[in-house]
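Architecture and fold: a report
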Amino acid sequence: CFGSKRLNKSDREVTAMVDEQSQAVGAAEEEQVQQQFTMQRIYAKDVSFESPASPDIFRQNWQPNVNVDLNTKSSAVDETGNHEVVLTITVTAKIEEKSAFLVEVQQAGIFFTSGIDAESLKQILATVAPNILFPYAREAIDNLVVKGGFPPLMLAPVNFDALYRQAMEQQAAGGELPADGATH
């Protein structure tokens, strides 16, 4: 018979060894789930601008005391690996005791994750996601401030990795993290 071959014992042993190796590789690939972190969507969840002392504040010498507060929180959106991360930035500018403006932006994003252990996921959602969201929030704040009649306000970059480490050190020292998932 053309093309057929009778296997001898050594051929069968080699074939069995190859089958075992390919099964072992397949099992190892299944065990080693590929890690994924992808941005699904970025959106403004809440935006607020107030200028309670206008128009009188515009006649003041513009030497404001600016305070910037930021917070991040994350939550699972569903059971398939989607998480919402919300970066909240609140900026208050005062001249003496008068509020020139108060602006708050909640910049949010939905991020898909897969194959990432819980501790690493917590860190990624507290550092990488806010780093992605921050430029959008910074731009929204600057636009609101300028449209409110004030000089441009360009926020300095934020080191979310350092803030996360600080929050973890604080927690390790006996402080509690907020129950709402906020890390800074």
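This text follows the structure it describes.
Residues numbered from 1 in each chain as written. Predicted model: local features only at pLDDT ≥ 70, side-chain atom pairs only at ≥ 80, totals over all residues. Heavy atoms only, no water.

Details of the overall build of the protein chain
Looking only at helices and strands, one finds three helices and four strands in the protein chain. The N-to-C order of helical and strand elements in the protein chain reads α-β-β-β-β-α-α. When burial is assessed residue by residue, the protein chain has 28% of its 184 residues classed as buried. Considering only contacts in the protein chain between residues 6 or more positions apart, those separated by 24 or more positions represent 70%. For the protein chain, the accessible area works out to roughly 11,900 Å², and carbon and sulfur atoms hold 50% of it. (Helix = DSSP H or I, 4+ residues; strand = E, 2+ residues; numbered from the N terminus. Buried < 20%, exposed > 50% of the residue type's maximum accessible area, 1.4 Å probe, protein only. Contact = heavy atoms within 4.5 Å. Areas by Shrake-Rupley, 256 points an atom, 1.4 Å probe, with all protein chains shown as cover.)

Quick notes on the nonpolar core
Counting 26 residues, the largest nonpolar core has I89, V91, F101 and I141 as its most contacted members. If you list the elements that add at least two residues to this core, you get β3 (82-95), β4 (98-114) and α2 (118-147). Tallying contributions element by element places α2 first for this core, with eight residues. Not counting the four nearest positions on each side in its chain, V91 is found in contact with V66, N67, V68, F101, L102, V103, I141, L153 and L155. (Core = buried A, V, L, I, M, F, W, Y, C linked by side-chain atoms within 4.5 Å.)

Focus on the sheet that holds strand β1 (residues 36-50)
Spatially, the four strands line up as an open sheet ordered β1-β4-β3-β2, and their pairing is antiparallel. The open sheet has two edge strands with one neighbour each: β1 and β2 (65-76). Geometrically, the sheet is characterised by an average inter-axis angle of 15° between neighbouring strands, direction not taken into account. (Pairing = 2+ DSSP bridges. Axes fitted to C-alpha atoms, helices over the stretch in contact; angles between N-to-C directions.)

Remarks on unusual backbone geometry
The omega torsion of the bond from S54 to P55 falls at 5°, within 30 degrees of zero and hence cis. A positive phi angle is found at E96, which is not glycine, with a value near 55°. Along the chain, the position of E96 falls in the loop between β3 and β4. Given the relative accessible area of 69%, E96 is considered exposed.

Focus: the side chain of H83
In this structure, H83 sits in strand β3. You can call H83 buried: its relative accessible area is 11%. Excluding its chain neighbours within four sequence positions, the residues that come into contact with H83 are S75, A76, V77, G109, I110, F111, T113, L121 and L125.

Don't take any of this as a statement about function, it's just geometry.
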